[in-house]
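# Survey of secondary and tertiary structure
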Amino acid sequence: MDDLYLKKRPDRPQLTHIITWARFALTRISYSGRVAVLAVFFILGLIWMFPNHGPQVSPTFYAGNGYNSSHPIDALIDTAETDLHELLGTQAHDLKTAAEQYRARRGRHPPPGFGEWYEFAKSKNSLIIEEFFDQIYHDLTPYWALEPKELRRQARSIQTRISIRNKTAILNTDEPRNWMDSWYDLVSKFEDGLPDLDMPINIMDETRLVVPWETINEYVQKEQENRVMTDPSLVIPEYMSLDSGDREDLDPYDPGFTGAGKGGYWEMARVGCPPGSPARNSSLPKVDFSAPPWEYDNFERMSYHGYVSNYTLMKDPCVRPEMEVLHGTFLEPISISTSHKLMPLFGGSKLPMNNEILLPPAMYWAQNDHYSGGEKEHGGSWEKKTNKVVWRGAATGGRAREPNWTGFQRHRFMSMMNATSVAQAEKNQSHGINFRLPNYADYKLNSDGFIPQLLSEHTDTGFNHLVCTPYNETDPTCPYLDPYFEIAPGMPMKEMYNFKYLPDLDGNSFSGRYRGFMLSTSLPIKATIYNEWHDSRLIPWVHFVPMDTTYIDVYGIMAYFLGGRDKKARKIALAGKAWGEKVLRREDMLIYTYRLLLEYARICDDRREFLGYVDDFKMS
């Protein structure tokens, strides 16, 4: 499927273009050619082992521990700022322009209600940038291949759902469920602008839909072949009512949710990757950090001098098969209830190979201080903050057991932030029990005790609960983890804002702290393999600092900002906060969801090919 988020980047163009455009091209050729083309493209990409060819930089050292006036991150920041400037240049300032941009980008008329949606967005002082809504069309496009009546049947078969009837939101749930009240509150804020619909919601932390890539590709191709710009004289401006539809003879639908079989969730998930992709062709043994694991080499080849340059590609397990043994989602998630069928199911996050329809996460809407630090508590001035990296949280990420915990992402990060563990690893051929150190020479880092000292002086990280399996809520310790981790006192988010640097890591799924971090005056350092609704709104290196989920780049990032570039850290932190206050507001969550549901309702309507908004043609 199309990669929606690629932006200009100082990257390895040969490698990333081969991989990314292979996936893009495959939706536009016949099936008989797709497998062959995929195999060729991915093989070429993986064997292309020449040096980086991004912006040319000539590094010099400061104090023997890094770069001076020129650094790879400088090039990444410059490119990101150009991307932002170009993005702002696409803003629509009136309804007619917004509708024209919609047709140019989407290939059909806007949905009925688009004019009211636009006025709603403008009343909230929203930036109207069509690219902000790309995720909606990425998510919904395959559903055009299914019959509307079938979509309605599927939607009503899920017990946890929100319905709209006669401009009124209705909460449907078999019992009280986490976050359903928050999503209901979100939708009810603009219920008077919505047509009748049923929106099933995934209330699990983990994602639940992985449709085989071949099926999704077939659905996407069908939508593209049937997409038309209906003659304005034939356009229908009103959605169907579901009052009579409630009495339709719709048999219950079996979603086919199942647990993991042999191979665990990885085997279930990788069917959503293209044939010939690294994930479809890989089979990794249990990770062994006692010898140099090849799993880390993939990032080093794809990065720009060791730093994230294509954030979308770096998050994608389809091209990062090492995540099978380096991320709790694939090692052993808390819950697995997955279907390989396509059906409407909304959720707060998903992996790139998942097929849920993304909503703003309920915890972002809920105004819960645990995840936000308080809507008004975003930290004081940068200059008064402690010059450290801070992280607190539980050792989540799945069921970490004695045989598998060394592959879990949060455990790896905590070990890599421990000065003693790193000092020991330096003496042990750069290997700890659950991590590998980067090649210091690649990052121009001093190997003479520099990193342990940096960590000792500039980090405050720790687990407040080891989440042992089996889990005991009252006991934060764990027999097989106690030798490696000490329990640290908890720290509310509003206290974290007293520190300059805030890493944000995946847990059982996405991190609910991210929006709070973005709106703070501290600098978010984001590592994830999950997608969220806002991804096309945020630009790495200008609004936040991206970090790979192996964390192999973390010391280079720390050395860069803590080694004399405090002003650049401050600039990104405050730019991210200012941008977040324009595009991540509660109002922006309303606007995004409002538009999403207009589009979803159209797909579920029997007359969907004729539904649309064309009133702008009457404007002078």
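Here the structure is a predicted model, which means the values were calculated and not measured. (Residues numbered from 1 in each chain as written. Predicted model: local features only at pLDDT ≥ 70, side-chain atom pairs only at ≥ 80, totals over all residues. Heavy atoms only, no water.)

## Re the state of the cysteines
Stated precisely, the cut-off is as follows: Note that a disulfide, as used here, is simply two cysteine sulfur atoms within 2.5 Å. Strands here are runs of E lasting at least two residues and helices are runs of H or I lasting at least four, both read from the DSSP assignment and numbered beginning at the N terminus. Summary of the burial criterion: residues with accessible area below 20% of their type's maximum are buried, those above 50% are exposed, and those between are partly exposed, where the area comes from a 1.4 Å probe applied to protein chains only.
Counted according to the given criterion, the structure contains 2 disulfides. Between the sulfur atoms of cysteine 273 and its disulfide mate cysteine 318 the distance is 2.1 Å. When the S-S torsion is -85°, as for the bridge of cysteine 273 with cysteine 318, the disulfide is left-handed. Note that cysteine 273 is positioned in the loop between α10 (264–269) and α11 (278–281) and cysteine 318 in the loop between α13 (311–314) and α14 (323–326), a separation of 45 residues in sequence. A relative accessible area of 0% places cysteine 273 in the buried class. The exposure class of cysteine 318 is buried, given its relative accessible area of 1%. Covalently, cysteine 468 is tied to cysteine 478 through a disulfide, its sulfur atoms 2.1 Å apart. Its S-S torsion of about 50° marks the bond between cysteine 468 and cysteine 478 as right-handed, since a negative value means left-handed. Pair noted here: cysteine 468 is in the loop between β7 (459–465) and α21 (493–496) and cysteine 478 is in the loop between β7 and α21, with a separation of 10 residues, a long-range link.

## Observations concerning the sheet that holds strand β10 (residues 545–546)
Here is the rule: Only when DSSP finds a minimum of two bridges between them are two strands counted as paired. The criterion used for residue contact is that any of the two residues' heavy atoms lie within 4.5 Å. Note on method: axes are straight lines fitted to C-alpha atoms, helices fitted across the in-contact stretch only, with angles between N-to-C directions ranging 0 to 180 degrees.
With parallel pairing, the 5 strands of this open sheet are ordered in space as β7-β6-β8-β9-β10. Only two strands of the sheet have a single partner each, and these edge strands are β7 and β10. The pairing of strand β9 (residues 523–526) with β10 spans 2 bridges and is classified as parallel. Paired with lysine 526 across the two strands is proline 546, which belongs to β10. Along the sheet, helix α20 (residues 450–458) makes contact with β6 (386–394) and β7, crossing β7 at roughly 70°.

## Examining the environment of leucine 574
On the secondary structure map, leucine 574 appears in helix α24 (residues 566–583). In this structure leucine 574 comes out as partly exposed when scored by relative accessible area, which is 29%. The spatial distance from the C-alpha of leucine 574 to the C-alpha of valine 542 is 9.8 Å, given a sequence separation of 32 residues.

## Considering the nonpolar core
Put simply, the rule reads: Grouping buried Ala, Val, Leu, Ile, Met, Phe, Trp, Tyr and Cys residues that are joined through side-chain atoms within 4.5 Å yields what is termed a nonpolar core.
Counting residues in hydrophobic clusters, the biggest one holds 163 residues, and the most contacted among them are Met199, Tyr555 and Tyr600. Counting residues per element, this core draws most heavily on helix α25 (residues 586–603), which supplies 11 residues. The contact partners of methionine 199, leaving out residues within four places of it in the chain, are Thr160, Arg161, Ile162, Val187, Phe346, Leu359, Leu597 and Tyr600. If you look at the next biggest cluster of nonpolar residues, it comprises 8 residues, including Val390, Met493, Leu502 and Phe517.

## Brief notes about the sheet that holds strand β1 (residues 161–165)
Spatial strand order, β2-β1-β3: 3 strands in an open sheet with antiparallel pairing. The sheet terminates laterally at β2 (168–172) and β3 (197–200), the two strands that pair on one side only. With direction set aside, neighbouring strand axes in the sheet form an average angle of 20°. Taken together, the 5 bridges between β1 and β2 define a ladder with antiparallel strand orientation. Residue isoleucine 162 lies in a different strand from β2, and its bridge partner there is leucine 171.

## Observations concerning the confidence of the model for the chain
Keep this limit in mind: Summary of the metric used: pLDDT quantifies the predictor's per-residue confidence within the range 0 to 100.
For the chain, mean pLDDT is 88; residues scoring 70 or higher make up 85% of the total. In this model, residues 1–67 is a region of pLDDT below 50 whose contacts with residues beyond four sequence positions or in other chains number 148 contacts.

## Overview of the packing of aromatic side chains
The cut-off we apply is this: Classification of ring pairs rests on two measures: the distance between centres of Phe, Tyr or Trp rings, Trp counted by its six-membered ring, which must be within 6.5 Å, and the angle between planes, read as stacked under 30 degrees, edge-to-face over 60 and tilted in between. Two conditions define a charge sitting above a ring: the NZ of Lys or the CZ of Arg must be within 6 Å of the ring centre, and it must be within 35 degrees of the ring normal.
Using the criterion set out here, one finds 25 aromatic pairs in the structure. Taking the centre distance of 5.4 Å and the plane angle of 80° together, the rings of tryptophan 117 and phenylalanine 133 count as edge-to-face. Remark: phenylalanine 133 occurs in the loop between α5 (114–123) and α6 (134–140) and tryptophan 117 occurs in helix α5; sequence separation between them is 16 residues. Each member of the pair tryptophan 117 and phenylalanine 133 is classed as buried. Taken together, the ring pairs in this structure connect Tyr102, Phe114, Trp117, Phe133, Tyr137, Trp533, Tyr592 and Tyr613 into an aromatic cluster. Across the ring face of tryptophan 144, the terminal group of arginine 108 is positioned such that the distance to the ring centre comes to 3.8 Å.

## A word on helix α9 (residues 213–226)
Heads up, the condition is: Helix span is expected to be 1.5 Å times the residue number reduced by one.
Here α9 spans 20 Å end to end across 14 residues, near enough to the 20 Å set by a 1.5 Å rise per residue. When α9 is considered as a whole, its buried residues turn out to be Trp213, Ile216, Asn217, Tyr219, Val220, Gln221 and Glu223.

## Some details on the pattern of salt bridges
Going by this rule: We define a salt bridge as a contact between a side-chain nitrogen of Lys or Arg and a carboxyl oxygen of Asp or Glu at a distance within 4 Å.
By the definition in use, this model includes 35 salt bridges. Each of Arg105, Arg106, Glu130, Asp134 and Arg595 takes part in salt bridges that share partners, so that together they form one network.

## Observations regarding the packing of α20 against helix α23 (residues 554–562)
Quick note on the threshold: Note on terminology: angles under 35 degrees are roughly parallel, angles over 145 are roughly antiparallel, angles of 65 to 115 are roughly perpendicular, and the others are oblique. Here a crossing is called left-handed whenever its near helix is offset anticlockwise from the far helix by less than a right angle, and right-handed whenever the offset is clockwise. Residues were grouped as follows: Ala, Val, Leu, Ile, Met, Phe, Trp, Tyr, Cys and Pro as nonpolar; Asp, Glu, Lys and Arg as charged; and all remaining residues, including Gly, as polar.
Between α20 and α23, whose axes approach to 11 Å, the crossing angle comes to 65°. Comparing their axes, α23 and α20 come out roughly perpendicular. Relative to α23, α20 is oriented so that their crossing is left-handed. For the pair α20 and α23, the contacting residues are Phe450, Ile451, Leu454, Leu455 and His458 in the first and Tyr555, Met558, Ala559 and Leu562 in the second. In the contact of α20 with α23, the residues fall into 8 nonpolar, 1 polar and no charged.

## Regarding unusual backbone geometry
Here the residue pair threonine 469 and proline 470 is connected by a cis peptide bond, since its omega of 5° sits within 30 degrees of zero. On the secondary structure map, proline 470 appears in the loop between β7 and α21. Unlike most non-glycine residues, asparagine 166 shows phi in positive territory, near 55°. For valine 467, which is not glycine, the phi torsion reads 45° and is therefore positive. With respect to the helices and strands, the residue valine 467 is situated in the loop between β7 and α21. By relative accessible area, valine 467 is classed as buried at 14%.

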